[in-house]
Amino acid sequence: MTPDDLKALIRDVPDFPKPGILFRDITTLIGNGPGLAASVAMLAEHARAAGAEAIAGIEARGFIFGASVAAQLGLGFVPVRKPGKLPVPVLALDYALEYGTDTLEVDPGAIAAGQKVVLIDDLIATGGTALAAAQLLRQAGAVVEQALFVIDLPDLGGADRLRAADLKVDSLVAFPGH
Ligand code: AMP
């Protein structure tokens with residue numbers, strides 16, 4: 001399956017979750033067996049090449065791809081969670097959204113000091129979410145050098161922001177524009 005095949009499986013939903021946003025919906029990609037398998041295999045190849053010792057995924061769609069890649073490589077999976085979900089004391093980080101702030105949380109016990117963790121999410125737009133996740137994982141003791149995405153929206157600058165924070169960024173497909 002080629003990147004263009006994957007792109008064809010991603011559904012465009014205009015004006016979701018609010019007017020003016022073109023939502024790139026992976027429901028149709030993960031609903032297609034060969035599409036899901038190819039996406040996971042391509043991400044896993046990048047993670048293997050990066051020397052991953054564990055995979056972290058961002059709630060919720062990053063869990064789908066991240067946990068699949070971890071299982072494929074025989075590695076553990078670290079969930080980067082929305083607030084209030086983890087039943088143990090957490091490390092938390094607030095980060096800015098277009099309007100307001102959001103928070104991500106990690107169980108510090110899920111990471112060994114110096115462990116090489118590759119970060120995975122479905123999509124990078126402005127990069128704020130992934131940057132916060134990488135900072136949180138680094139605070140927890142992880143070495144985070146690589147971030148992987150199924151979809152990049154390059155005109156929103158997120159990948160460049162991550163590269164400025166010493167992260168190597170790879171994605172399977174890109175949608176120029178937004
Ligand atoms: P950002 O922090 O701006 O990079 O946004 C990335 C997060 O928001 C990811 O977890 C995506 O799932 C979600 N997201 C942002 N923009 C879109 C979009 N146009 N289509 C689908 N998901 C999006």
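Located above this text is the structure these notes cover.
Throughout what follows, the structure given in this document is the object of discussion.

About the thresholds
Residues numbered from 1 in each chain as written. Predicted model: local features only at pLDDT ≥ 70, side-chain atom pairs only at ≥ 80, totals over all residues. Heavy atoms only, no water. Axes fitted to C-alpha atoms, helices over the stretch in contact; angles between N-to-C directions. Helix = DSSP H or I, 4+ residues; strand = E, 2+ residues; numbered from the N terminus. Parallel < 35°, antiparallel > 145°, perpendicular 65-115°, else oblique. Left-handed = near helix turned anticlockwise from the far one by under 90°. Contact = heavy atoms within 4.5 Å. Nonpolar A, V, L, I, M, F, W, Y, C, P; charged D, E, K, R; others polar. 1 Å grid on protein atoms, 1.4 Å probe; cavity = no way out; pocket = protein on both sides within 12 Å on 5 of 7 lines; lining within 4 Å. Points joined across faces, edges and corners; volume = space filled by probe spheres on them. Buried < 20%, exposed > 50% of the residue type's maximum accessible area, 1.4 Å probe, protein only.

**Details of the packing of helix α3 (residues 33-49) against helix α4 (residues 61-73)**
For the pair α3 and α4, the least separation of the axes is 9 Å and the interaxial angle reads 65°. Considered as vectors, α3 and α4 are oriented roughly perpendicular to each other. The element α3 and its partner α4 pack so that their crossing is right-handed. Taking contact as the criterion, the partners of L36, S39, V40, A41, L43, A44, A47 and R48 in α3 are, on α4, F65, S68, V69, Q72 and L73. Across the contact of α3 with α4, the residue classes tally to nine nonpolar, three polar and one charged.

**Things to note about the layout of surface pockets**
The volume enclosed by the largest pocket comes to roughly 1100 Å³. Taken together, 34 residues line the largest pocket, and the ones lying closest to its centre are R61, L97, L123, A125 and T129. Looking at the lining of the largest pocket, the elements that each hand over two or more residues are β2 (22-25), α4, β5 (91-96), β7 (117-124) and α5 (128-139). It is β7 that provides the largest number of residues to the lining of the largest pocket, a total of four residues. Of the residues contributing to the lining of the largest pocket, the split by class is 18 nonpolar, six polar and ten charged.

**Concerning the environment of D5**
Residue position: D5 is located in helix α1 (residues 3-9). For D5, a relative accessible area of 36% translates into the label partly exposed. D5 sits 103 residues away from P108 along the chain, and the two C-alpha atoms are 38 Å apart.

**Quick look at unusual backbone geometry**
A negative phi holds for most residues other than glycine; trans holds for most peptide bonds. Residue P17 follows F16 across a cis peptide bond; omega there is 0°. Here P17 lies in the loop between β1 (11-14) and β2. Although it is not a glycine, D15 sits at a positive phi angle of roughly 60°. Of note, D15 is situated in the loop between β1 and β2. A positive phi is found at D166, a non-glycine position, where the angle reads about 65°. Among the structural elements, D166 can be located in the loop between α6 (158-164) and β9 (168-174).

Geometric descriptors of this kind do not, in isolation, establish any biological role.
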